[in-house]
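# A closer look at the structure
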Amino acid sequence: MTAITDESARLEAIRRYDVLDTPPDGSFDRITALAAEIFDVPIALVTIVDHERIWFKSKHGLDGVDQIDRDPGLCASAVLQDQPYIVEEARTDPRTLANPLVAGKFGLQFYAAAPLRTATGHRLGTLCIIDREPRMFSPRQADVLQRLSEIVVDELELRLSALNAIRTAGEHQAQPPSR
Amino acid sequence: MGQRVVDALTAQLSPHGVTPIEPSDWRLVDEASRTVFDAPELARTVRSVVDVFVPAYAHAALVALLDDRDELRIAATAHRARDRAGVSSAAVGRRLERHDAPFAAAPGHRVEEFPLERDGKDFGLLLLLVPDEGTPRGEALLRTIAARCALALDNARRFERERNVALTFENAALVSEMPAIAGYRFDAMYRAGRLDALVGGDWYDAFPLGDGRVVVSIGDVVGSGLSAAVTMLNVRQTIRGVAQVNPDPAMMLYAADGTLRSQFPDRFVTAFVGVLDPVTQICSYANAGHPPPLLRLADGSLQQPAGHNAPLGLGLQQHIDVHHVTLPVGSLFVLYTDGLTESTKDVFEGEARLEAAVRDVESGAGVARRIHDAVLRGHSRDDVAVLAVSVQHTPPARRWRFDPRWPDVARRVRDQLRAELEDAQICATRMHDAELAFAELLGNALRYAPGTVEMILVRQDANLVLHVLDKGPGFQFSPRLPSDLYSEFGRGLFLISQLVSDFSVERRPGGGSHARILLT
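Everything numeric in this text was worked out from a predicted model, so none of it was measured. (Residues numbered from 1 in each chain as written. Chains lettered and ligands numbered in written order. Predicted model: local features only at pLDDT ≥ 70, side-chain atom pairs only at ≥ 80, totals over all residues. Heavy atoms only, no water.)

## Some points on the overall build of chain A
Going by this rule: By the criteria applied, helices consist of DSSP H or I runs no shorter than four residues and strands consist of E runs no shorter than two, each listed in order from the N terminus. The reference for a compact globule is 2.2 Å times residues^0.38; the radius of gyration itself is calculated from the C-alpha atoms. Each residue gets one of three labels from its accessible area relative to the maximum for its type: buried under 20%, exposed over 50%, partly exposed in between, using a 1.4 Å probe on protein chains only. Residue contacts are defined here by distance: any two heavy atoms, one from each residue, within 4.5 Å place the two residues in contact. Computed with a 1.4 Å probe, the accessible areas rest on the Shrake-Rupley method; for each residue, only the protein chains presented here act as cover. A residue counts as positive if it is Lys or Arg and as negative if it is Asp or Glu; His and the chain ends are not included. The location of each charge is read from NZ of Lys, CZ of Arg, CG of Asp or CD of Glu.
When its secondary structure is counted, chain A shows 5 helices and 6 strands. Going from N to C terminus, chain A has its helices and strands arranged as α-α-β-β-β-α-β-α-β-β-α. For 179 residues, the compact-globule estimate of 2.2 N^0.38 gives 16 Å, and the C-alpha radius of gyration of chain A, at 17 Å, lies within 12% of that figure. Seen through its C-alpha atoms, chain A measures out along the principal axes to roughly 55 × 35 × 30 Å. Across the 179 residues that make up chain A, the buried fraction comes to 47%. Within chain A, counting contacts between residues at least 6 apart in sequence, those at least 24 apart form 62% of the total. Counting every atom, chain A has about 8800 Å² of accessible surface; 54% of that belongs to carbon and sulfur. Here chain A holds 20 positive side-chain charges and 27 negative ones, and the gap between their average locations is 1 Å.

## Section: the nonpolar core
Put simply, the rule is: Nonpolar core, defined: a set of buried Ala, Val, Leu, Ile, Met, Phe, Trp, Tyr and Cys residues in which side-chain atoms within 4.5 Å join the residues together.
Residues Phe39(A), Ile129(A), Phe402(B) and Phe503(B) are the most contacted members of the largest nonpolar core, which totals 66 residues. Here this core gets 8 residues from one element, more than from any other, and that element is helix α5 (residues 139-172) of chain A. Counting residues in each nonpolar core, the second largest holds 54 residues, with Val175(B), Val269(B), Leu276(B) and Leu327(B) among its members.

## As for the confidence of the model for chain B
Stated precisely, the cut-off is as follows: Each residue carries a pLDDT score, the predictor's own confidence in it, on a scale running from 0 to 100.
Confidence in the prediction for chain B averages 85 pLDDT; 87% of positions are at 70 or higher. The ipTM assigned to the predicted complex is 0.85, against a pTM of 0.75.

## Quick notes on the sheet that holds strand β18 (residues 502-507) of chain B
All names here are of chain B. Rules: Here a strand pair is declared whenever DSSP counts at least two bridges between the two strands. Working convention: axes come from line fits to C-alpha atoms, limited for helices to the stretch in contact. Angles between N-to-C directions cover 0 to 180 degrees.
On the basis of which strands lie adjacent, the open sheet formed by 5 strands has the order β15-β16-β17-β19-β18 and antiparallel pairing. If you trace the sheet from one side to the other, it starts and ends with β15 (397-402) and β18, each paired once. On average, each strand axis in the sheet is tilted by 15 degrees relative to the strand beside it, whichever way the strands run. Examined bridge by bridge, strand β17 (residues 463-469) and strand β19 (residues 513-518) share 5 bridges and lie antiparallel to one another. By the bridge assignment for β19, valine 465 is matched with leucine 518.

## A short note on the interface of chain A and chain B
Inclusion rule: By definition, the buried area sums, over both parts, the 1.4 Å-probe accessible area that each loses when the two are put together. A carboxyl oxygen of Asp or Glu within 4 Å of a side-chain nitrogen of Lys or Arg is what we treat as a salt bridge. Pairs of N or O atoms within 3.5 Å make up the polar contacts considered here, provided that, within protein, one atom can donate a hydrogen while the other can accept it, and that residues adjacent in sequence are counted only when both atoms are side-chain atoms. For this classification, the nonpolar set comprises Ala, Val, Leu, Ile, Met, Phe, Trp, Tyr, Cys and Pro, the charged set comprises Asp, Glu, Lys and Arg, and every other residue, Gly included, is treated as polar.
Each partner contributes residues to the interface: chain A has 16 residues there, and chain B has 16 residues. Across the chain A/chain B interface, buried area totals approximately 1300 Å², and carbon plus sulfur atoms make up 46% of it. When the buried surface of chain A facing chain B is broken down by residue, Asp40(A), Met136(A) and Arg140(A) rank first, second and third, together holding 46% of it. On the surface where chain A and chain B come into contact, there are 4 salt bridges. On the surface where chain A and chain B come into contact, there are 11 residue pairs in polar contact (both at pLDDT 80 or more). Looking at the side of chain A that touches chain B, the element that brings in the most residues is α5(A), giving 4 residues. Of the residues assigned to the side of chain A that touches chain B, the class counts are 7 nonpolar, 2 polar and 7 charged.

## Remarks on the sheet that holds strand β12 (residues 323-326) of chain B
Residue and element names in this part refer to chain B. The strand order across the open sheet built from 5 strands is β6-β7-β8-β9-β12, with neighbouring strands paired in antiparallel fashion. Every interior strand has two partners, whereas the edge strands, β6 (202-208) and β12, have only one. Here the strands of the sheet are splayed against their neighbours by 20 degrees on average, with no regard to which way each runs. Strands in contact with helix α6 (residues 225-245) are β6, β7 (214-221) and β8 (269-277); relative to β6, the strand with the most contacts, it is inclined by about 20 degrees.

## Digging into the packing of aromatic side chains
The criterion, for reference: Between the rings of Phe, Tyr and Trp (Trp by its six-membered ring), a pair exists once the centres lie within 6.5 Å; its type follows the angle of the planes, with under 30 degrees stacked, over 60 edge-to-face, and the other angles tilted.
The tally for this structure, following the rule as stated, stands at 8 aromatic pairs over all chains. Ring geometry for Phe39(A) versus Phe137(A): centroids 5.4 Å apart, planes at 55 degrees, classification tilted. Taken together, the residues Phe39(A) in helix α2 (residues 26-39) and Phe137(A) in the loop between β6 (123-131) and α5 connect sequence positions 98 residues apart. On the basis of relative accessibility, which here comes to 0%, the residue Phe39(A) falls in the buried class. Measuring from centroid to centroid gives 6.3 Å for Phe272(B) and Phe333(B), while their planes differ by 65 degrees, and the two rings are edge-to-face. Remark: Phe333(B) occurs in strand β13 (residues 332-336) and Phe272(B) occurs in strand β8; sequence separation between them is 61 residues. On the accessibility criterion, Phe272(B) (1% relative accessible area) is buried. Each member of the aromatic cluster is reached from another via a ring pair, and the members are Phe39(A), Phe110(A), Phe137(A) and Trp406(B).

## Quick word on the pairing of strand β5 (residues 110-117) of chain A
Residue and element names in this part refer to chain A. A large share of β5 lies buried, amounting to 7 of its 8 residues. Across 3 bridges, strand β4 (residues 85-87) lies against β5 in antiparallel orientation. Paired with isoleucine 86 across the two strands is alanine 112, which belongs to β5. Relative to β6, β5 runs antiparallel, the two being bridged by 7 bridges. Bridging from a neighbouring strand, alanine 112 pairs with isoleucine 129 of β6. Connecting β5 to the antiparallel partner β6 that follows it, the hairpin turn spans 5 residues, and glycine 121 within it adopts a positive phi of roughly 90 degrees.

## Considerations on the state of the cysteines
Residue and element names in this part refer to chain A. Which entries qualify depends on this criterion: We call a pair of cysteine sulfur atoms a disulfide whenever their separation is within 2.5 Å.
Applying the stated criterion to the full structure yields 0 disulfides over all chains. In this model cysteine 128 remains outside any disulfide bridge; the closest cysteine sulfur is found in cysteine 75, 4.0 Å from its own. Take cysteine 128: its relative accessible area is 0%, and that puts it in the buried class.

## A closer look at the side chain of Thr22(A)
Residues and elements named next belong to chain A. If you trace the backbone, threonine 22 turns up in the loop between α1 (7-17) and α2. Here lysine 57 takes part through its side chain, which lies 2.8 Å from a polar atom of the side chain of threonine 22. Leaving out residues up to four positions away in the same chain, threonine 22 has contacts with Trp55, Lys57 and Arg159.

## Brief notes about α1(A)
Residue and element names in this part refer to chain A. The following threshold applies: The arc in question is traced by the directions running from the helix axis to the C-beta atoms.
Those residues of α1 not exposed but buried are Arg10, Leu11, Ala13, Ile14 and Tyr17. The arc enclosing the buried residues of α1, seen along the axis, measures out at 150 degrees, which places them on a common side. Against the buried residues of α1 lie β1 (43-49), β6 and α5. Looking one or two places after α1, you find aspartate 18, whose phi comes out positive at around 50 degrees.

## Structural notes on the packing of helix α11 (residues 407-423) of chain B against helix α12 (residues 428-448) of chain B
Residue and element names in this part refer to chain B. To keep things clear, this is the line we draw: An angle below 35 degrees is read as roughly parallel, one above 145 as roughly antiparallel, one from 65 to 115 as roughly perpendicular, and any other as oblique. With the far helix as reference, a near helix turned anticlockwise by less than a right angle produces a left-handed crossing, and one turned clockwise produces a right-handed crossing.
Their axes nearest at 11 Å, the elements α11 and α12 cross at an angle of 150 degrees. In terms of orientation, α11 and α12 fall into the roughly antiparallel class. Viewed along their axes, α11 and α12 form a crossing whose handedness is right-handed. For the pair α11 and α12, contact is made by Ala410, Val413, Arg414, Leu417, Arg418, Leu421 and Glu422 and by Met431, Ala434, Glu435, Phe438 and Leu442, respectively.

Next up, the structure:
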């Protein structure tokens with residue numbers, strides 16, 4: 001299946017998965033914790049790239065922040081491609097050096113993300129890992145990150161199936177749809 | 001028989017066997033003595049000697065002294081204004097010819113020669129040009145005054161030699177050269193409290209190690225004078241020596257304490273020793289009763305790195321603690337001795353002035369002197385040493401941060417390291433050794449400290465130093481010390497130390513190990 005680049009279709013897909021602003025979920029948290037462990041990084045996130053914001057479905061190693069603005073360079077850029085998006089030295093990388101998380105107090109210096117690509121080809125967000133110091137990242141590591149992101153997508157698909165099942169059941173009972 | 005005793009006595013009183021001088025002339029001898037013994041310095045004494053004789057007793061005079069090569073060199077000359085006889089003062093410093101022509105050739109004169117001797121050893125010659133008819137006062141007086149002059153000259157010579165010894169010692173004791181480390185500026189000032197001395201019991205020191213670290217020390221031997229300076233030099237050299245084997249601040253202070261205990265049991269010393277690594281910007285330090293240094297950060301705030309032990313030399317079996325402080329870019333680290341804060345006689349006032357001075361001082365060349373001047377404002381009778389370290393930027397280095405558990409990233413690092421080493425024009429053998437050492441260290445990190453490793457290659461002048469920092473349990477290794485068998489076990493550290501010029505591992509303050517390999 002070819003990747004769908006149309007932004008409104010992508011946002012529509014996010015609505016369909018109905019994941020935004022949902023409470024923390026242990027299955028996603030297990031994946032981010034595992035990613036942090038595997039790659040020995042302090043921060044791992046499952047993010048959803050919404051219209052004007054980037055919302056965190058799971059955040060390992062990051063407290064007090066649930067979402068950030070959709071500034072280019074990090075997750076907002078990572079959802080534009082199917083392959084993992086790697087920034088080894090964010091402060092000198094032209095793609096990221098102006099991003100507020102890089103230039104600002106947060107001091108992000110390493111970023112690697114694998115897009116959360118659905119079966120229909122929509123990239124909803126990322127599984128990303130973050131470090132405050134530069135770091136080298138290899139193709140094999142990127143491949144493992146990609147496979148972890150596929151597990152995240154599997155979880156999202158499972159949730160969607162469950163949602164659809166509930167919706168279908170609701171229709172059978174002739175109740176108005178929830179949305 | 002009786003006459004012989006008299007002769008003998010006479011000979012003793014007047015070693016040249018001449019009749020003793022008239023009692024009325026003793027006044028003249030006293031006067032001459034006062035003149036020639038007036039100043040301790042040799043230059044002034046030789047001047048006085050020739051002036052004593054000319055014009056009162058001789059038409060011209062010349063003093064020549066034996067130099068290091070046993071040659072007589074003219075030290076001073078004088079002649080009567082109306083005489084052309086004698087040797088002009090322009091001759092001072094040159095070798096005395098046995099019959100110096102201008103001296104010998106004066107008609108109507110003869111030359112009286114008086115060997116200058118002490119304890120039977122000649123050290124020079126006094127030549128007087130007297131008229132043929134003799135001096136108005138007689139030979140005996142001349143000889144007596146000449147003997148006094150010999151004594152004065154010998155004293156002056158000894159004084160000069162002692163002062164030269166002291167000067168040589170003091171020059172050796174003063175640290176003239178500060179380390180040249182990219183991004184760092186070391187600036188120091190020292191002033192001895194006593195006016196006639198160049199060094200006292202205070203010291204500062206800063207010198208680089210082969211692996212790029214810099215050892216700084218500052219201290220104060222309690223007491224004053226040359227003997228305090230001798231103790232100081234011994235303590236400072238002890239610290240220097242230990243730093244070459246095991247640059248651990250506590251070890252250096254233990255050794256200094258041992259030096260005091262065994263050689264200077266009545267002295268005690270306060271000292272601060274720091275080992276700073278420009279690569280990590282961490283300064284590991286130990287402080288034995290010394291005033292804590294001041295650290296001014298880039299935002300202008302002041303910190304006082306805490307923690308100290310008792311002074312050295314008290315005979316305490318104390319455990320000396322090592323602390324760590326980070327010297328970030330833009331900071332100014334100021335070490336000083338208490339002469340800076342205590343000579344105001346009000347320690348609190350002194351410390352307040354110091355803090356203000358460090359807060360306000362402009363860093364750059366001469367910063368130590370400016371701090372000194374701002375605090376003391378001209379008056380001090382104590383020794384003072386100030387050592388200031390300005391951190392301008394981190395030294396240029398190639399850094400790799402990676403997880404060696406992933407073979408492809410480790411290979412990439414190895415290839416890039418090889419390229420860097422080739423760029424540094426390292427020879428093939430060294431390259432091979434460096435790669436082996438790299439592999440050993442990575443292997444160790446994999447086995448004992450799995451996770452992220454930071455590797456840093458620093459080129460300082462002709463030196464190439466490879467740093468490997470891991471996050472494992474941390475251990476210490478120095479190839480020059482008996483190894484800790486447990487930590488050494490299976491780590492191939494001995495192999496590495498055989499391959500490279502210098503290799504050591506220390507525990508990092510936050511956990512983990514820091515290995516340094518000197519590749520060149």
